[in-house]
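Residue-level listing of the chains:
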Amino acid sequence: MIDGDWLSYSLSDFLMFGPEVFLRLFVRINQDFWPWQGIALVLLLVVAGLLVRGDTLAKRGVLLLLAAAWVGSGAGFLMEYYGPINTPAIWFGWAFILQAALLTVAALVWPWDKTTAGLARRWQAGIGWLVMAALLPLLVVVQSGNWHALALFGITPDVTVAASVPCLLLLPRRVRWLFLLLPLLWSLFSAATLWTLGTRLMFVLPAATLVLTIACFRFSPRPGKSQD
Amino acid sequence: MAIKLSRRQFLAALAATGLSLRMPALMAASGEKAIARPIPSSGEPLPVIGMGTWRTFNVGGDQQLVQERTGVLKRFFELGGTLVDSSPMYGSADEVMGEALDTLNAHDRVFAANKVWTRDGNATREQDRASRRKWGIDRFDLQQVHNLLAWESHLETLKQMKADGDIRYLGISTSHGRRHRDLATIMEQEPLDFVQLTYNVLDREAEQRLLPLAKERGIAVIVNRPFQGGGLFRRYQSEPLPGWAEEAGCSTWAEFFLKFIVSHPAVTCAIPATTRVEHMEENMGALYGRLPDDEQRRQMADYVAGL
Ligand SMILES: NC(=O)c1ccc[n+]([C@@H]2O[C@H](COP(=O)([O-])OP(=O)(O)OC[C@H]3O[C@@H](n4cnc5c(N)ncnc54)[C@H](OP(=O)(O)O)[C@@H]3O)[C@@H](O)[C@H]2O)c1
């Protein structure tokens, strides 16, 4: 491609598939995964429960479960389903697995101190998170008009990333940026894709995640009393 | 008293009502000849409507959609089409085409056109081999350098491959009106069988230099983006066809857009892409009946410009 040629390209020139194929990825993964969706639902409840509990052990647990969710959506949805129709999804799949490795390290070896002790308003945090993680999957259902397209946390990437970002507030600010880089990149990529596909309702998901991610770079929640 | 009509009489009566113009299936079944143009470098006739696969055939491992696309390809062949165009750039389209050809057992019916799309100028044969494996064929009829990418080295290898009988024709592609000046230079200097470029009732830059040059140099022209990627339908489908469209051989907007293209004397074939059987049927309507003459082509362009 010669210089200046780039100016003649638009986002849609890079989009290799239509909305029908994309929305069916959600239906297909649910069909193939059936009846194990229950695991994803248990995952939601356990993460919410650990957020309420809020002690160091619980935080390590949350990060480990997030790691499992990133592996699930990266190795499954991104690499097996999305990758064949959109090559960058495979690269993101590997990046999701790397992010899971980072989360695992943080969960297991990070020397937690008092400044990263339990969040204030733990009940609100846990229930708020549960409501969010349970409602977000419905966006894909409404977009596609198909219940089988339910985009579950731990199975599909946008919901996994959106629901993970608030949990990353558990990490101290000086290391948190490292965990926010991939959510930032993914949200940009996904927002551009969904905008070009014309699936405007789903576009809300990465767009909101993007705003939340940027906020998380700066914001630190008020620490509550240590539960340790 | 019952009137007995032969099949020919019945079809002639239908044609008189203009109905058969809407029924390429009937035209194909009646044995009406599909419109074809010779490939200048060989004289081999090519039906003027082929099909593209960008976006439409990139359905990955979705078996339901693979089946649906196979149905689209099946209809294409039934209605007299032969040329199918794809590229390694189109995600899983090559694999899906291979599956569809297998299901239809149609490897012998297809005029297989593919592309070389890599910056690595030494990877021409390797990529050709990979695409052949996906299609399940021994050789491509036409192999094109995609978007002029690393064209010097790919073209050299393609020439050698043609001489060795590993491909039947070679060509080069561009789209969206990009790099027309470079393409013209290549057309002037290289022994191309085919060029592929964008040309439609709105994007007519190719009329200035490239189409006359192709005619002069005896290069076949494949036209991509005949509907501007679907944009022409979004813009004009709600508008009425002009009253004189039937005289120009067009009873649908699809025929209007496609016949405008393939009636240009330098064009060999247009390659619309679709995911839907009913759209394929509409598009293949342009393979039959009358083509507009020069005056009607002018009228067509003016009509669209005035909407
Ligand atoms: N550089 C290159 O070499 C290059 C670049 C661009 C394209 N190409 C080739 O050219 C082919 C054609 O170009 P394209 O696919 O970009 O665009 P196109 O053929 O101009 O338009 C395809 C779109 O038109 C719609 N359509 C088709 N028939 C229709 C009908 N009868 N009524 C209403 N809508 C209809 C299709 O939607 P439905 O699915 O709903 O029918 C699809 O969205 C490509 O597939 C590719 O093989 C090559």
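Residues numbered from 1 in each chain as written. Chains lettered and ligands numbered in written order. Predicted model: local features only at pLDDT ≥ 70, side-chain atom pairs only at ≥ 80, totals over all residues. Heavy atoms only, no water.

Asker: Honestly, the sheet that holds strand S10 (residues 269-270) of chain B in this entry has me stumped. Any pointers?
Answerer: By way of backbone hydrogen bonds, the strands of a sheet pair with one another, either parallel or antiparallel. Residue and element names in this part refer to chain B. One open sheet holds the eight strands; their spatial order is S3-S4-S5-S6-S7-S8-S9-S10, and the pairing between them is parallel. What marks the edges here is a single partner per strand, and that holds for strand S3 (51-52) and S10. Here S3 runs beside strand S4 (residues 83-85); their pairing, made up of two bridges, is parallel. Residue pairing for S4: glycine 52 is matched across the bridge by aspartate 85. (Pairing = 2+ DSSP bridges. Helix = DSSP H or I, 4+ residues; strand = E, 2+ residues; numbered from the N terminus.)

Asker: Could you clarify how one ought to interpret the site of the ligand in this entry?
Answerer: Residues and elements named next belong to chain B. Taken together, 30 residues are adjacent to the ligand, and Asn147, Phe227, Thr274, Thr275 and His279 come closest. Asparagine 283 is positioned such that a nitrogen or oxygen atom in its side chain is 2.9 Å from a nitrogen atom of the ligand. Contact with the protein chains hides 88% of the accessible area of the ligand, taken as 890 Å² for the molecule alone. With three residues, helix H11 (residues 277-284) is the largest single contributor of residues to the shell around the ligand. Of the residues belonging to the shell around the ligand, the class tally is nine nonpolar, 16 polar and five charged. (Near = heavy atom within 4 Å. Polar contact = N/O pair within 3.5 Å; in protein donor to acceptor, adjacent residues only side chain to side chain. Areas by Shrake-Rupley, 256 points an atom, 1.4 Å probe, with all protein chains shown as cover. Nonpolar A, V, L, I, M, F, W, Y, C, P; charged D, E, K, R; others polar.)

Asker: What's the story with the interface of chain A and chain B in this structure? I'm lost.
Answerer: Interfaces are frequently sized by the accessible area removed from exposure as the parts join. In this assembly, 16 residues from chain A lie in contact with 22 residues from chain B. Roughly 1600 Å² is buried in total at the junction of chain A and chain B, and carbon and sulfur atoms are behind 43% of that figure. Counting across the chain A and chain B interface gives three salt bridges. B:Asp62 is paired through a salt bridge with A:Arg24; the nearest N and O atoms lie 2.6 Å apart. If you look at where chain A meets chain B, you find ten residue pairs in polar contact (both at pLDDT 80 or more). Partitioned by chemical class, the residues of the side of chain A that touches chain B number nine nonpolar, two polar and five charged. (Contact = heavy atoms within 4.5 Å. Buried area = accessible area lost by both parts, 1.4 Å probe. Salt bridge = Lys/Arg side-chain N within 4 Å of Asp/Glu carboxyl O.)

Asker: Hey, could you run me through the packing of aromatic side chains in this one?
Answerer: Two measures describe an aromatic ring pair: the distance that separates the ring centres and the angle between the ring planes. All names here are of chain A. Taken as a whole and judged by the stated rule, the model has 30 aromatic pairs over all chains. Centre to centre, the rings of phenylalanine 17 and tyrosine 82 are 5.8 Å apart; their planes meet at 80°, and the pair counts as edge-to-face. On the criterion of sequence distance, the pair formed by phenylalanine 17 in the segment before helix H1 (19-33) and tyrosine 82 in helix H3 (residues 56-82) is long-range, its members being 65 residues apart. Residue tyrosine 82 is classed as buried on the basis of its relative accessible area of 3%. (Phe/Tyr/Trp six-rings, centres within 6.5 Å; stacked < 30°, edge-to-face > 60°. Buried < 20%, exposed > 50% of the residue type's maximum accessible area, 1.4 Å probe, protein only.)

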